[in-house]
Amino acid sequence: MRRSLRSAWQKAGTVHERLVFGAWLKYEKQGEELIADLLATCNRCAQEFGPIDVVSQHPIKVNGSSQETAVMNGDQSLKNVNFRIGDEKIVCDRQKIASLSAPFHAMLNGYFTESLCEDIDLSENNISPLGMRTIGEFSMTGTLSEVPPDLLLEILVFANKFCCERLKDDCDRKLASLVCTKDDAVELMEYAIEENSPVLAASCLQVFLHELPDCLNDEQVAEIFSHADRQQRSIIVGQASFSLYCLLSEVAMNLDPRSDKTVCFLEQLIESAETDRQRLLAFHQLGCVRLLRKEYDEAERLFEAAVSLGHVYSIAGLARLSYIKGHKLWSYEKLSSVISSVNPLGWMYQERSLYCEGDKRWEDLEKATELDPTLTYPYMYRAASLMMKQNVQVALAEINRVLGFKLALECLELRFCLYLAIEDYKAAIRDVQAILTLSPDYRMFEGRVAASQLRTLVREHVDNWTTADCWMQLYDRWSSVDDIGSLSVIYQMLESGGAKGVLYFRQSLLLLRLNCPDAAMRSLELARQHASSEHERLVYEGWILYDTGHCEEGLRKAEESIKIKRSFEAFFLKAYALADSSLDLSCSSTVISLLENALKCPSDNLRKGQTQQLIATLMPLRSDTLEPIKALHVSIFSETIRLQHTRK
């Protein structure tokens, strides 16, 4: 998803798209804000996270040519015009003012009474004497000098009223450069919408998006986005309306999917949709929210609209609604009809299993697993059913099937419960400590009990390990590729003190291997915070940079660390970063040399065996005679370095 967002950001055709996709990337990388000091050194991250110059990137559409200055009916002897505002008189060049817009040109040179007048009263046009003098200066110079914000707003309203496009554009851009805070943006967005000022609106939008998700808790900000009509959306975000409301609705759903705010954003998403594909997505998402809010009739209408546009998955929503209304058979038959009419997918059988019992349900869930082994519910249902029949080992084997390749918290929680039921507290403490590693604030039993509280209760039934016991357990589990067990041991070691930097780093390696990148990044940041030396901290910073897509910067950190002290992890990082950053197969010799240097350095030996195997794997790449191997991309062996063992 991040790669797709970054590609969209890089290929953005308008400043609005760039703002939306950049903000979306920032939102997806919220955890990485903790390491902003590292990422700020990378131009790509600075562009994604930091503000952009909206004014310079917004195209100037104003026609710079002056209005035709020929006098049609006016008094040609009148060189100046006096604008009276209250008791003051502002003297302006008649033709310069006429050149500002077609209305002024018609007023001063056309068939209006004012074309024959030297004095014109503008007292009823909401412009101050100072504002009119500034406009007069602009008509002479073509630019606005230093003008305070309040006066800029006054001139903007006047310029919009009299169609002075060049003057309005200058005000628009100067005001846009003054937007700094959310309060500024809230106040000025109203003017931007009212006066059709797209540059100012884009500048305000950037401030709002930069503060996601917090800004959506501001009722004024939410009101702006929730109730914008088509024309207002065009001013605020140009042609990127659908993308903007995709982002806002996702953020709102993550905050509270049942909120009125979420509903408003999804309704705006429907209104912004321009293609059937966009509409079916918006209909389905709003249907899900209506279902959560128990607004069943409206949810049914939305799911039916999505289905009519070709969204097959919305049939699952219709089936659940029918079941809620007591029509279980209709739900079963509807899904059976879908299965028989299209190429069936795993979720279809999983959904149908909800509306049948006994062997039929079991058969559907087996079929769901066959078609899509990544669905967790079938494994959990089978494990729970087997446990109820006292088939303990078979139940554990069933839940272990999915945990063998997908570390899902709900599956770990179920296995924890199974172990509690058979009073295997050692296994139970292992799973709950793994859960807390992945999600420190996790709550079990449908959110009713904190996992940390359950761990405290289970700990009373488990013997305490000494530091030596922990290291022995870690070696055993690491070497047998028991990653969940290794996570549990490290969790316990961290609680008892010790070299936390090294332990958090080991934890991050396990989490990466288990495909938990967010938790791994959190552990890497903690490793950096608890590093016991400068060279150790540089290694952790190198891995942070590498794992966030900055390979060259990671390589530089490894080299800095080696200059301070030669260490196993610094050489290992350099070997991996070099292998991944170079497309030249000749670098394999350098990579092997770096790994050999790593083996010469002291370490805790957890990864030395792996390094020796990697060297043996890479040795053939030194030969120039193996043409097929020379054709391989370097990424093959760089990935080999990353993986400590082959996993099924």
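Residues numbered from 1 in each chain as written. Predicted model: local features only at pLDDT ≥ 70, side-chain atom pairs only at ≥ 80, totals over all residues. Heavy atoms only, no water.

If you look the chain up in an unreviewed UniProt entry, it shows as ETO1-like protein 1 isoform 4 from Theobroma cacao. Looking at the Pathway (unreviewed entry) heading of the UniProt record, one finds this comment for the chain: "Protein modification; protein ubiquitination." (UniProt positions renumbered as here; feature names shortened; annotations may be inferred.)

Honestly, a negative patch on the surface in this entry has me stumped. Any pointers?
Among the surface-exposed residues, Asp-150, Asp-183, Glu-187, Glu-190, Glu-194, Glu-211 and Asp-214 lie close enough to one another that they form a single negatively charged patch. For the negative patch, the element with the most residues is helix α11 (residues 182-194), which contributes 4 residues. Considering the arrangement of structural elements, one finds Glu-211 in the loop between α12 (198-210) and α13 (219-226). Note on Glu-211: relative accessible area 31%, which makes it partly exposed. (Patch = residues over 30% accessible without salt bridge, like charges linked within 9 Å, V, L, I, M, F, W, Y side chains within 5 Å. Areas by Shrake-Rupley, 256 points an atom, 1.4 Å probe, with all protein chains shown as cover. Salt bridge = Lys/Arg side-chain N within 4 Å of Asp/Glu carboxyl O. Lys, Arg positive; Asp, Glu negative; His and termini not counted. Charge placed at Lys NZ, Arg CZ, Asp CG, Glu CD. Helix = DSSP H or I, 4+ residues; strand = E, 2+ residues; numbered from the N terminus. Buried < 20%, exposed > 50% of the residue type's maximum accessible area, 1.4 Å probe, protein only.)

Would you mind going over the packing of aromatic side chains with me for this structure?
Aromatic rings considered in pairs are described by the distance between their centres and by the relative angle of their planes. Within this structure, the stated rule accounts for 15 aromatic pairs. Each ring, one from Tyr-323 and one from Tyr-355, has its centre 5.5 Å from the other, and the planes form 50 degrees; the classification is tilted. Placement of the pair is Tyr-323 in helix α19 (residues 314-324) and Tyr-355 in the loop between α21 (346-353) and α22 (358-371), with a sequence separation of 32 residues. When its relative accessible area of 42% is taken as the criterion, Tyr-323 is described as partly exposed. A relative accessible area of 5% means that Tyr-355 is categorised as buried. Look at Tyr-377 and Tyr-381: their rings are 6.2 Å apart centre to centre, the planes differ by 40 degrees, and that puts the pair in the tilted class. (Phe/Tyr/Trp six-rings, centres within 6.5 Å; stacked < 30°, edge-to-face > 60°.)

What is the right way to look at the confidence of the model for the chain in this model?
Regions with low pLDDT should not have their predicted coordinates read in detail. Averaged over all residues, the pLDDT of the chain is 88; the fraction at 70 or higher stands at 87%. Of the regions scoring below 50 in pLDDT, residues 623-638 engages in 24 contacts with residues more than four places distant in sequence or in other chains. This model gives residues 644-648 a pLDDT under 50, and the stretch forms 14 contacts once residues within four places in sequence are excluded. (pLDDT = per-residue confidence, 0-100. Contact = heavy atoms within 4.5 Å.)

What is the right way to read the packing of helix α32 (residues 534-547) against helix α34 (residues 568-581) from this model?
How two helices pack is summed up by the angle between their axes together with the distance between the axes. Direction vectors running N to C along α32 and α34 enclose 25 degrees, while the axes themselves pass 10 Å from each other. Taken together, α32 and α34 sit at an angle that is classed as roughly parallel. Here α32 runs over α34; the crossing is left-handed. Each of Val-539, Gly-542, Trp-543 and Tyr-546 in α32 lies in contact with α34, whose residues at this interface are Glu-569, Ala-570, Phe-572, Leu-573, Tyr-576, Ala-577 and Asp-580. Grouping the amino acids of the contact of α32 with α34 by side-chain chemistry returns 8 nonpolar, 1 polar and 2 charged. (Axes fitted to C-alpha atoms, helices over the stretch in contact; angles between N-to-C directions. Parallel < 35°, antiparallel > 145°, perpendicular 65-115°, else oblique. Left-handed = near helix turned anticlockwise from the far one by under 90°. Nonpolar A, V, L, I, M, F, W, Y, C, P; charged D, E, K, R; others polar.)

Could you clarify how one ought to interpret the pairing of strand β2 (residues 88-93) in this entry?
Across a regular strand the side chains alternate sides, sitting on one face of the sheet and then on the other. Pairing of strand β1 (residues 80-85) with β2, which is carried by 6 bridges, proceeds in the antiparallel orientation. Residue pairing for β2: Phe-83 is matched across the bridge by Ile-90. The hairpin turn running from β1 into β2, its antiparallel successor, is 2 residues long, and Gly-86 in that turn takes a positive phi close to 65 degrees. (Pairing = 2+ DSSP bridges.)

Explain the pattern of salt bridges to me, please; I cannot follow it from the model alone.
Overall, the coordinates contain 33 salt bridges when judged by the stated rule. A salt bridge links Lys-557 to Glu-541, with the shortest nitrogen-to-oxygen separation between them at 3.0 Å. Of the two residues, Lys-557 is situated in helix α33 (residues 551-564) and Glu-541 in helix α32; the sequence distance between them amounts to 16 residues. Its relative accessible area of 17% is what places Lys-557 among the buried residues. Residue classification places Glu-541 among the buried positions, given a relative accessible area of 2%.

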